[in-house]
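Read off the chains here:
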Amino acid sequence: MKLIVRAPAKLNLSLDAPFTHSDGTIEWRMVMTSIGLSDFVQIETNSSNTIKVTSDSGFLPGDSRNLAYKAAEIFLEKTGIDTGLVISIEKHIPVAAGLGGGSSDAAAVFRALNDIFETHLSLDQLAKMGLAVDSDVPYCIYGDTALVSGRGEVITPLQKLPKMWFVLAKPNVSVSTPRVLRKLLKTPISHPRTDELLRGIAEQDYTKIVTNLGNALEAISMAEHPQILTLKQRLLKYGCDGSQMSGSGPTVFGICRTESRAKRVYNSLSGFCNEVYLTQVACERIHQS
């Protein structure tokens, strides 16, 4: 059997780390949304009893270092299903960009295998499996717009965002998430106004949403990579109503109320940055047999 699943990128509208647990893990409080920029993950079963991952991107490993591979391994182990798999990933989300591409690919594998083998696992059960892969996987299993807390496993769905457009720009730098998180443990941070953002979403108040974006990791990544700040400033200069970094970076996004304004920003930024994307909040994921 063959199944193709859409794996949308995620954006952090708010990212806070209120405290660190005694075991050194970070307590997160984040507002995330899924966007139209997506990978496509095809899964095909066979009788080989092996897992094979291929991709049209030269940057992804095909072994257990790949999050999609890990997801398949965990799902088969937990369910006791004996099968071979070929996982083919069509990449559109930039790699190591703060957009959760690898986590979304892994989430797509969990959802697809749940459908293929009719295991009828709930999203909560899949999310608990997903936490063993990466802290963003539980959110990516749920998708849409949600408040994410705990170590990444507590997902509270929120209302859909009001209509808005996103312009994404990825500078040509690499950010080490483990390095950023190590610095987070030693650096005083500015906590975002997450409660105000949540009120803005509940009230469908576009202005309140764009004025209460926040990312506690932004200052840490910007200190090492000033290109992030430059892109953020340009997004605002060219006409976005709000802008910030997603995840640990380096991708920065801006928000516009209208498509026409977003296209003008996109065109202005395209001459300055090689990787620029124009997208909206994700529609329903595509499943094809």
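Predicted model only: the values in this text are computed from it and were never measured. (Residues numbered from 1 in each chain as written. Predicted model: local features only at pLDDT ≥ 70, side-chain atom pairs only at ≥ 80, totals over all residues. Heavy atoms only, no water.)

**Things to note about the sheet that holds strand E9 (residues 242–245)**
Here's step 1: Reading across from one edge, E9-E10-E7-E11 is the order of the 4 strands in this open sheet, with antiparallel pairing throughout. Strands with a single pairing partner mark the edges of an open sheet, and in this sheet they are E9 and strand E11 (275–280). Between one strand axis and the next, the sheet turns by 20° as a mean value, whatever way the strands run.
Here's step 2: One ladder, built from 5 bridges, connects strand E7 (residues 165–170) with strand E10 (residues 252–256); its direction is antiparallel. Its bridge partner lying in E10, Phe166 is registered against Ile255. (Pairing = 2+ DSSP bridges. Helix = DSSP H or I, 4+ residues; strand = E, 2+ residues; numbered from the N terminus. Axes fitted to C-alpha atoms, helices over the stretch in contact; angles between N-to-C directions.)

**Points about the environment of Met32**
Here's step 1: By the element assignment, Met32 lies in strand E2 (residues 26–46).
Here's step 2: As a C-alpha pair, Met32 and Leu11 span 21 residues in sequence and 5.6 Å in three-dimensional space.
Here's step 3: Sequence-distant contacts of Met32, that is, excluding residues within four places in its chain, are made with Lys10, Leu11, Asn12, Asp136, Tyr139, Asp144, Thr145, Ala146 and Val148. (Contact = heavy atoms within 4.5 Å.)

**Topic: the domain arrangement of the chain**
Here's step 1: Segmenting the chain into domains produces domain 1 (2–157) and domain 2 (165–280).
Here's step 2: Inter-centroid distance (C-alpha atoms) of domain 1 to domain 2 is 23 Å.
Here's step 3: Here domain 1 and domain 2 share 1 salt bridge between them.
Here's step 4: Between Arg29 and Asp195 there is a salt bridge, and its shortest N-O distance comes to 2.8 Å.
Here's step 5: On inspection of domain 1 and its partner domain 2, the count reaches 16 residue pairs in polar contact (both at pLDDT 80 or more).
Here's step 6: Here the side of domain 1 that touches domain 2 takes 10 residues from strand E1 (residues 2–20), the largest share from any one element.
Here's step 7: Each residue belonging to the side of domain 1 that touches domain 2 can be placed in one class, and the counts come to 16 nonpolar, 8 polar and 3 charged. (Domains from an automatic or database assignment. Salt bridge = Lys/Arg side-chain N within 4 Å of Asp/Glu carboxyl O. Polar contact = N/O pair within 3.5 Å; in protein donor to acceptor, adjacent residues only side chain to side chain. Nonpolar A, V, L, I, M, F, W, Y, C, P; charged D, E, K, R; others polar.)

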